[in-house]
Amino acid sequence: MFHQNEVEVLGKLPTTDFTMSASDTAIVGTQCHICYGANYYSVPYQYTDFKVDVIEVNNLLKIYFKGKEIAVHALETRKKGEHITDKNHYPASKNISQAEILANIKPKVYELGTGAIEFYDRHVKANPLNRQSSTRALNGLLSLKKRYPDEVINQACLRACHYGSVSYQTVKSICEKGVELLPLGDGSSDRCIVSVPSSKARDLNAYSQIAALGVIAHD
């Protein structure tokens, strides 16, 4: 049946490679960037606060507004938290520096609460010569708002600061483990207290709590 009826009506095989693509939407932030794949790509400043279409195709990231291509970037796949920026996307009168980006991020972090305020101040102070690193970390902190309430992030920041681990990964881990409200130690040792029975057999959940700045405190 195949040779008698189907072969004659089959189309020709394609002569070009199949194009791998993925698509999404994003909002252009006040720093003229969108977030895609845990990295930040610049968009012309005229589109700030607008929703744009994002298409990933052949290792390129193409950004469209109402069907019009407005930006193209090489897709960053090796690192996370990177800023891929075309300076021409900024207003001619304003070349935004890392210091200015941090200044724009600051009020958004401060809105989370006192723990986030302390985290911001200590993180920036700890990285005075690497503002780009601080920008990545603080943007990552704000991205947690997509998954967790502000108070959870704020408490996680407070916990990270208490134990001297002022990094985005620490705050993220605390949020993921759900241990942001565990009691804090007295500062005499770097540990969070996880109460478990003195029995040799422990609940597996205890180990998840320990993973976020914790050690076991026996009864």
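Placed above this text is the structure.
Residues numbered from 1 in each chain as written. Predicted model: local features only at pLDDT ≥ 70, side-chain atom pairs only at ≥ 80, totals over all residues. Heavy atoms only, no water.

Chemist: Explain the overall build of the chain here, please?
Modeler: On a plain count of helices and strands, the chain comes out with seven helices and nine strands. Counting across all 219 residues of the chain, residues that qualify as buried make up 38%. Restricting to contacts in the chain with at least 6 residues of sequence separation, those with at least 24 account for 52%. Of the roughly 13,400 Å² of accessible surface on the chain, a fraction of 51% belongs to carbon and sulfur atoms. (Helix = DSSP H or I, 4+ residues; strand = E, 2+ residues; numbered from the N terminus. Buried < 20%, exposed > 50% of the residue type's maximum accessible area, 1.4 Å probe, protein only. Contact = heavy atoms within 4.5 Å. Areas by Shrake-Rupley, 256 points an atom, 1.4 Å probe, with all protein chains shown as cover.)

Chemist: Is there a simple way to think about the sheet that holds strand β2 (residues 33-36) in this case?
Modeler: Strand-to-strand pairing in sheets goes through backbone hydrogen bonds, with the strands running parallel or antiparallel. Reading across the sheet, the three strands line up as β2-β3-β7 and stay open at both edges, with mixed pairing between neighbours. Each of the sheet's edge strands pairs with one partner strand only, and the pair in question is β2 and β7 (83-84). Note: β2 against strand β3 (residues 39-42), four bridges, orientation antiparallel. The residue of β3 that forms the bridge with Tyr36 is Asn39. (Pairing = 2+ DSSP bridges.)

Chemist: Looking at this model, I keep getting lost on the sheet that holds strand β5 (residues 60-65). Mind explaining?
Modeler: Taken together, the four strands give an open sheet; going across it, the order is β1-β4-β5-β6, and neighbouring strands pair in antiparallel fashion. Single-partner strands in this sheet number two, and they are β1 (21-27) and β6 (68-74). Taken pair by pair, the neighbouring strands of this sheet meet at an average axis angle of 25 degrees, ignoring direction. Alignment of β5 against β6, held across six bridges, turns out to be antiparallel. Directly across from Ile63, in β6, lies its bridge partner Ala71. (Axes fitted to C-alpha atoms, helices over the stretch in contact; angles between N-to-C directions.)

Chemist: I tried to follow the packing of helix α2 (residues 98-110) against helix α4 (residues 131-143) on my own but got confused; where do I start?
Modeler: Think of two packed helices as two axes; the pair is described by the angle between the axes and how far apart they sit. Interhelical geometry of α2 versus α4 gives an angle of 25 degrees and a closest axis separation of 10 Å. In terms of orientation, α2 lies roughly parallel with respect to α4. Where α2 crosses over α4, the handedness of that crossing is left-handed. Residue-level inspection shows Gln98, Ala99, Ile101, Leu102, Ile105, Lys108 and Val109 of α2 in contact with α4, the latter providing Arg131, Gln132, Ser134, Thr135, Leu138, Asn139, Leu141 and Leu142. For the contact of α2 with α4, the per-class residue count stands at eight nonpolar, five polar and two charged. (Parallel < 35°, antiparallel > 145°, perpendicular 65-115°, else oblique. Left-handed = near helix turned anticlockwise from the far one by under 90°. Nonpolar A, V, L, I, M, F, W, Y, C, P; charged D, E, K, R; others polar.)

Chemist: Looking at this structure, I do not really get the pairing of strand β4 (residues 51-57). What am I missing?
Modeler: Note on strand geometry: in a regular strand, side chains alternate between the two faces of the sheet. Looking at chain direction, β1 and β4 are connected through seven bridges and run antiparallel. Following the sheet pairing, Asp24 is matched in β4 by Val54. Across five bridges, the pairing between β4 and β5 is antiparallel. When the bridges of β5 are listed, Asp53 appears paired with Tyr64. Linking β4 to β5, which pair antiparallel, is a turn of two residues; within it Asn58 sits at a positive phi near 50 degrees.

Chemist: Help me understand the nonpolar core, please; the structure alone is not making it clear to me.
Modeler: Generally speaking, nonpolar side chains in soluble globular proteins are found buried as a group. Ranked by size, the top nonpolar core spans 28 residues in total, and within it Leu141 and Val171 carry the most contacts. Secondary structure elements with two or more residues in this core: α2, α3 (114-126), α4, α5 (150-162) and α6 (168-177). With six residues, α5 is the largest single contributor of residues to this core. Apart from the residues lying within four places of it in its own chain, the contact partners of Val171 are Phe119, Leu141, Leu144, Ile153, Ala156, Cys157 and Ala160. Residues Val28, Tyr36, Tyr47 and Val52 belong to the second largest nonpolar core, which totals 16 residues. (Core = buried A, V, L, I, M, F, W, Y, C linked by side-chain atoms within 4.5 Å.)

Chemist: I keep staring at the state of the cysteines and nothing clicks. Help me out?
Modeler: Two cysteines whose sulfur atoms are joined by a covalent bond form what is called a disulfide. Going through the model one piece at a time under the given rule, you end up with zero disulfides. Distance from the sulfur of Cys175, which forms no disulfide, to the nearest cysteine sulfur (Cys157) is 7.3 Å. (Disulfide = S-S within 2.5 Å.)

Chemist: I'm lost on a nonpolar patch on the surface in this one. Help?
Modeler: Side chains of Phe2, Val7 and Leu10 sit close together on the surface and give an oily, nonpolar patch of about 270 Å² of accessible area. Mapped onto the elements of the fold, Leu10 is located in the loop between α1 (2-6) and β1. (Patch = residues over 30% accessible without salt bridge, like charges linked within 9 Å, V, L, I, M, F, W, Y side chains within 5 Å. Salt bridge = Lys/Arg side-chain N within 4 Å of Asp/Glu carboxyl O.)

Chemist: Can you help me understand the packing of α2 against α3 in this one?
Modeler: Running from N to C, α2 and α3 point in directions that differ by 155 degrees, and their axes come no closer than 8 Å. On the basis of the axis angle, α2 is roughly antiparallel to α3. Side by side, α2 and α3 meet where Leu102, Ala103, Lys106, Val109 and Tyr110 of the first sit next to Ala116, Ile117, Tyr120 and Asp121 of the second.

Keep in mind these values describe shape, not function.
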